[in-house]
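Per-entry structural report
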Amino acid sequence: MNFLAHISLSGDNPKIMVGNFIGDFVKGRNLLEQFEPEIARGIALHRAIDEFTDSHPIVTISKNRLRPTYRHYSAVIVDMFYDHLLAKNWEQYYNEFLPDFAERSYRILEGFHPILPEGVKYMLPYMTKGNWLVNYARFEGIDRALSGMARRSKYESKMELAVDDLKKNYEDFTQEFSIFYPQLQAFSKNWLEQET
């Protein structure tokens, strides 16, 4: 899952939200030596979400549809597709309007600016200005994100072409996401209740 899902699966604790958001930018296991406990918990939740997602049979079906063209980049692309489908169908899963949620999330993240990893500090102004979390709902928003990732990739990824595959197989990806995401919500809620 990508930024929108990670933030939205954090419950109502801002520190867990921040940790969950920065998870991909933090290395190592010694989280409590690097961050205060609730931020570290958010990073641990991020990793648990990634593990659950990467090993889920429904997600594997989505990835396998893309694998012949995009090889190991298929996992990254599916993460983006699922964030698109979450943004597009947001009201099925959450009561807060997506634009309000996005605005609140940007404010929370900015409030923790001093502890953000350098990569996040660099990215966050672009994310806020471009309102990525809301624009993921549009093909143009996902296309822009994937094209940007393709430009930054060390190897040829073809990610800039992936939106065509999303459009072509939209019904299949939508169905897979609609089965998977409630399970991920339940997993995350349970993890937060257990890992206190």
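Report on the accompanying structure.

Parameters and conventions
Residues numbered from 1 in each chain as written. Predicted model: local features only at pLDDT ≥ 70, side-chain atom pairs only at ≥ 80, totals over all residues. Heavy atoms only, no water. Helix = DSSP H or I, 4+ residues; strand = E, 2+ residues; numbered from the N terminus. Rg over C-alpha atoms; globule rule 2.2 N^0.38 Å. Contact = heavy atoms within 4.5 Å. Areas by Shrake-Rupley, 256 points an atom, 1.4 Å probe, with all protein chains shown as cover. Lys, Arg positive; Asp, Glu negative; His and termini not counted. Charge placed at Lys NZ, Arg CZ, Asp CG, Glu CD. Core = buried A, V, L, I, M, F, W, Y, C linked by side-chain atoms within 4.5 Å. Buried < 20%, exposed > 50% of the residue type's maximum accessible area, 1.4 Å probe, protein only. Axes fitted to C-alpha atoms, helices over the stretch in contact; angles between N-to-C directions. Parallel < 35°, antiparallel > 145°, perpendicular 65-115°, else oblique. Left-handed = near helix turned anticlockwise from the far one by under 90°. Nonpolar A, V, L, I, M, F, W, Y, C, P; charged D, E, K, R; others polar. Phe/Tyr/Trp six-rings, centres within 6.5 Å; stacked < 30°, edge-to-face > 60°. Lys NZ or Arg CZ within 6 Å of the ring centre and 35° of its normal. Polar contact = N/O pair within 3.5 Å; in protein donor to acceptor, adjacent residues only side chain to side chain.

A few words now on the overall build of the protein chain. Looking only at helices and strands, the protein chain features 12 helices and 0 strands. When its helices and strands are written in sequence order, the protein chain yields α-α-α-α-α-α-α-α-α-α-α-α. Here the C-alpha atoms of the protein chain give a radius of gyration of 16 Å, agreeing with the 16 Å that 2.2 N^0.38 yields for 196 residues. On the principal axes, the C-alpha backbone points of the protein chain span a range of 45 × 35 × 35 Å. A sequence separation of at least 24 residues applies to 69% of the contacts in the protein chain between residues at least 6 apart. When the accessible surface of the protein chain is summed, it comes to about 10,200 Å², and 53% of that surface belongs to carbon and sulfur atoms. Mean positive and mean negative side-chain charge positions of the protein chain (23 and 27 charges, respectively) differ by 5 Å.

Grouped together as the largest cluster of nonpolar side chains are 67 residues, with contacts concentrated most on F21, Y82 and Y181. It is helix α6 (residues 74–88) that provides the largest number of residues to this core, a total of 8 residues. Once residues within four sequence positions are removed from consideration, Y181 is found in contact with M1, A5, S8, L9, L86, Y93 and Y94.

A word on the packing of α6 against helix α10 (residues 139–152). Running from amino to carboxyl end, α6 crosses α10 at an angle of 155°, the nearest separation of the two axes being 10 Å. With respect to their mutual orientation, α6 and α10 come out roughly antiparallel. Judged by the twist between their axes, the crossing of α6 over α10 is right-handed. Contact residues: V76, I77, M80, F81 and H84 in α6; F139, I142, A145, L146 and M149 in α10. Of the residues belonging to the contact of α6 with α10, the class tally is 9 nonpolar, 1 polar and no charged.

When we look at a pair of aromatic rings, we describe it by the centre distance and by the angle of the planes. Tallying each qualifying case throughout the model produces 14 aromatic pairs. Ring plane angle 75° and centroid distance 5.1 Å describe the contact between Y93 and Y181, whose orientation is recorded as edge-to-face. On the criterion of sequence distance, the pair formed by Y93 in the loop between α6 and α7 (98–111) and Y181 in helix α12 (residues 170–194) is long-range, its members being 88 residues apart. Across this residue pair, the class does not change: Y93 and Y181 are buried. Clustering of aromatic rings is evident, with ring pairs tying together F52, Y82, W90, Y93, Y94, F101, F177, F180, Y181 and F187. The positively charged end of K167 is found above the aromatic ring belonging to F139, 5.2 Å away from the centroid.

Now for the side chain of H84. On the secondary structure map, H84 appears in helix α6. Owing to a relative accessible area of 1%, H84 belongs among the buried residues under this scheme. Within the structure, the side chain of H84 is placed 3.3 Å from the backbone oxygen of A137, a separation counted as a polar contact. The residues touching H84, leaving out its near neighbours within four places in the chain, are Y136, A137, R138, F139, I142, L166 and Y170.

Moving on: the side chain of N2. Position of N2 among the secondary structure elements: in the segment before α1 (3–8). Leaving out residues up to four positions away in the same chain, N2 has contacts with D79, M80, D83 and Y136.

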